[in-house]
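Below, each chain spelled out in residue letters.
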Amino acid sequence: QVQLVESGGGLVQAGDSLRLSCAASGRTFSGWFRQAPGKEREFVAAIGRNGGSTYYSNSVKGRFTISRDNAKNTVYLQMNSLKPEDTAVYYCSAGFLGGDYTEYHNYDYWGQGTQVTVSS
């Protein structure tokens, strides 16, 4: 039984920051993906079971930070210097099955998504 619940999205201006949370993420290799209308689901970031390894897409590297607190069973995505092109529904994922961690079909579990809108 795995239930993922994202929170922390909202409407902000370019240059602002948001911190997304993914509750009940479990102790698995986990990720964040995003999807804008008419676009494919896009890899954002991933993190190892204990937070020892992190991975980022080129589009967010240097601006976003993924972390986890296993005591709280939560994965976070700190988003700084937000841009209008970051606007999307953000999904957290868990239950990585192996293979390419940037491919959404390699994760077993997903949250319902949280909307991030960046205006400019």
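Above this note sits the structure.
Quick caveat, the model's predicted, so the values are computed rather than measured.

1. Thoughts on the overall build of the chain
What the chain contains, in helices and strands, is zero helices and 11 strands. Tracing the chain from N to C terminus, the helices and strands come up as β-β-β-β-β-β-β-β-β-β-β. Relative to the 2.2 N^0.38 estimate, which gives 14 Å for 120 residues, the radius of gyration of the chain is 13 Å and therefore close to what a compact globule would have. For the chain, the spread of C-alpha atoms along the three principal axes comes to 40 × 30 × 25 Å. Evaluated residue by residue, the chain yields a buried proportion of 40% over its 120 residues. In the chain, 55% of the contacts between residues at least 6 apart in sequence involve partners at least 24 apart. A total of about 6,200 Å² of accessible surface is found on the chain, and carbon and sulfur atoms cover 44% of it. Positive and negative charge centroids in the chain, built from 11 and 10 side chains respectively, lie 6 Å apart.

2. Quick notes on unusual backbone geometry
At asparagine 73, a position not held by glycine, the phi torsion is positive, near 55°. You can see asparagine 73 is positioned in the loop between strand 7 (64-69) and strand 8 (74-79). A residue is classified by how much of its surface remains accessible, and asparagine 73, at 28% relative accessible area, is partly exposed. Despite not being glycine, serine 81 shows a phi value in the positive range, around 50°. In this fold, serine 81 is placed in the loop between strand 8 and strand 9 (88-96).

3. Notes on the environment of threonine 54
Its location among the elements puts threonine 54 in strand 6 (residues 54-56). With 32 residues separating them in the primary sequence, threonine 54 and cysteine 22 have C-alpha atoms 16 Å apart.

4. Focus: the sheet that holds strand 3 (residues 18-23)
One open sheet accounts for four strands, arranged 1-3-8-7; its pairing is antiparallel. Two strands bound the open sheet, and with one partner strand each, they are strand 1 (5-7) and strand 7. Going from strand to strand, the sheet's axes swing by 15° on average, the running direction of each strand aside. Relative to strand 8, strand 7 is paired through six bridges, and the arrangement is antiparallel. When the sheet's bridge partners are listed, arginine 68 is paired in strand 8 with valine 75.

5. Details of the pattern of salt bridges
Summed over the entire model, instances satisfying the criterion amount to three salt bridges. In this structure, aspartate 86 and arginine 34 form a salt bridge, with 2.9 Å as the shortest nitrogen-oxygen distance. Of this pair, aspartate 86 sits in the loop between strand 8 and strand 9 while arginine 34 is found in strand 4 (residues 30-35), placing the two residues 52 residues apart along the sequence. Salt bridges linked by common partners bring Arg34, Glu42, Arg63 and Asp86 together as one network.

Each value, and the rule that gives it
- Residues numbered from 1 in each chain as written.
- Predicted model: local features only at pLDDT ≥ 70, side-chain atom pairs only at ≥ 80, totals over all residues.
- Heavy atoms only, no water.
- Helix = DSSP H or I, 4+ residues; strand = E, 2+ residues; numbered from the N terminus.
- Rg over C-alpha atoms; globule rule 2.2 N^0.38 Å.
- Buried < 20%, exposed > 50% of the residue type's maximum accessible area, 1.4 Å probe, protein only.
- Contact = heavy atoms within 4.5 Å.
- Areas by Shrake-Rupley, 256 points an atom, 1.4 Å probe, with all protein chains shown as cover.
- Lys, Arg positive; Asp, Glu negative; His and termini not counted.
- Charge placed at Lys NZ, Arg CZ, Asp CG, Glu CD.
- Pairing = 2+ DSSP bridges.
- Axes fitted to C-alpha atoms, helices over the stretch in contact; angles between N-to-C directions.
- Salt bridge = Lys/Arg side-chain N within 4 Å of Asp/Glu carboxyl O.

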